[in-house]
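Examining the three-dimensional arrangement
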Amino acid sequence: MRSGEVKRRTNETNIAVSLHLDGTGKAEIASGVGFFDHMLDLFARHSLIDLTVTVKGDTQIDDHHSVEDTGIALGEAVRQALGDKKGIRRYADIHLPMDETLTRVAVDVSGRPFLVFRTEFKAQKIGSFDTELVREFFQAFAMNAGITLHVETLYGDNAHHIAESCFKGLARALRQALEVDPREGGRVPSTKGAL
Ligand SMILES: [Mn+2]
């Protein structure tokens, strides 16, 4: 079973993340941030990762620390679950439409953290959620999962749709890239022999 478990505590947040990569998308999410719960829930559903996230954060300030630190912990848990990355597909990309919005997500599960994030929001808030936190989450996740992650929203208007297309696109791309490819025969998918 490819599993990861991370507990992360600072003066700003107290986070527990546990996941099974080869799950069915079962989610138990309590991040303390309503819109972010919605994003993590659909991330689990579309990646088929079983995911439990519990966050106690300083949301009396704002949602920044809770969202960023959850990205860190979730990334660490994915990296832990992947181990030596033997047999995985490694690369995947997807175009994820949501009504008027289209977002492209490409990943390389490379061990080399990098984020390209070309998504702009026309609104600063979705309810009480700051749209700029979407980028903060993707940055923290990519750095700590050790993946190269490119996100580009090609077009779109509605901020809720744009955020959702990014999270669903990440989920669907990871679902492919993290999958074990039987043709790899358990080898590390790199000519270097290590990722
Ligand atoms: Mn929604």
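Quick look at the structure, then. In this text the structure is predicted, and so the values were computed from the model without any measurement. (Residues numbered from 1 in each chain as written. Predicted model: local features only at pLDDT ≥ 70, side-chain atom pairs only at ≥ 80, totals over all residues. Heavy atoms only, no water.)

A few points about the sheet that holds strand E3 (residues 27-30)
Read across the open sheet, the four strands follow the order E1-E2-E4-E3; overall the sheet is mixed. Among the strands making up the open sheet, the edge pair consists of strand E1 (3-9) and E3. On average, each strand axis in the sheet is tilted by 5 degrees relative to the strand beside it, whichever way the strands run. As paired strands, E3 and strand E4 (residues 50-57) are joined by four bridges and run parallel to one another. Residue alanine 30 lies in a different strand from E4, and its bridge partner there is threonine 54. Running over the sheet, helix H1 (residues 34-47) touches E3 and E4 and is turned about 165 degrees from E3. Packing of helix H2 (residues 64-82) onto the sheet brings it into contact with E1, strand E2 (13-20) and E4, and relative to E2 it is tilted by some 35 degrees. (Pairing = 2+ DSSP bridges. Helix = DSSP H or I, 4+ residues; strand = E, 2+ residues; numbered from the N terminus. Axes fitted to C-alpha atoms, helices over the stretch in contact; angles between N-to-C directions. Contact = heavy atoms within 4.5 Å.)

Describing unusual backbone geometry
Within the chain, lysine 85 stands out as a residue other than glycine whose phi angle is a positive 65 degrees. Checked against the element boundaries, lysine 85 lands in the loop between H2 and strand E5 (91-98). Of the residues examined, lysine 85 reaches a relative accessible area of 6% and is grouped as buried. Positive phi is not limited to glycine here, since aspartate 99 has a value of about 50 degrees. (Buried < 20%, exposed > 50% of the residue type's maximum accessible area, 1.4 Å probe, protein only.)

Details of the nonpolar core
Among the nonpolar cores identified, the biggest contains 57 residues, and Leu19, Phe137, Phe138 and Leu149 are the most heavily contacted of them. If one sorts the elements of this core by residue count, helix H4 (residues 159-177) sits on top with ten residues. Once residues lying within four places of it in the same chain are set aside, the contact partners of phenylalanine 138 are Leu115, Phe117, Leu149, Val151, Cys166, Phe167 and Leu170. (Core = buried A, V, L, I, M, F, W, Y, C linked by side-chain atoms within 4.5 Å.)

Examining the packing of helix H3 (residues 132-145) against H4
Running from amino to carboxyl end, H3 crosses H4 at an angle of 20 degrees, the nearest separation of the two axes being 10 Å. The angle between H3 and H4 falls in the class roughly parallel. The way H3 lies across H4 gives a crossing that is left-handed. Only Ala163, Cys166, Phe167, Leu170 and Leu174 of H4 make contact with H3, whose side of the interface consists of Val134, Phe137, Phe138 and Phe141. Looking at the contact of H3 with H4 residue by residue, the class counts come to nine nonpolar, no polar and no charged. (Parallel < 35°, antiparallel > 145°, perpendicular 65-115°, else oblique. Left-handed = near helix turned anticlockwise from the far one by under 90°. Nonpolar A, V, L, I, M, F, W, Y, C, P; charged D, E, K, R; others polar.)

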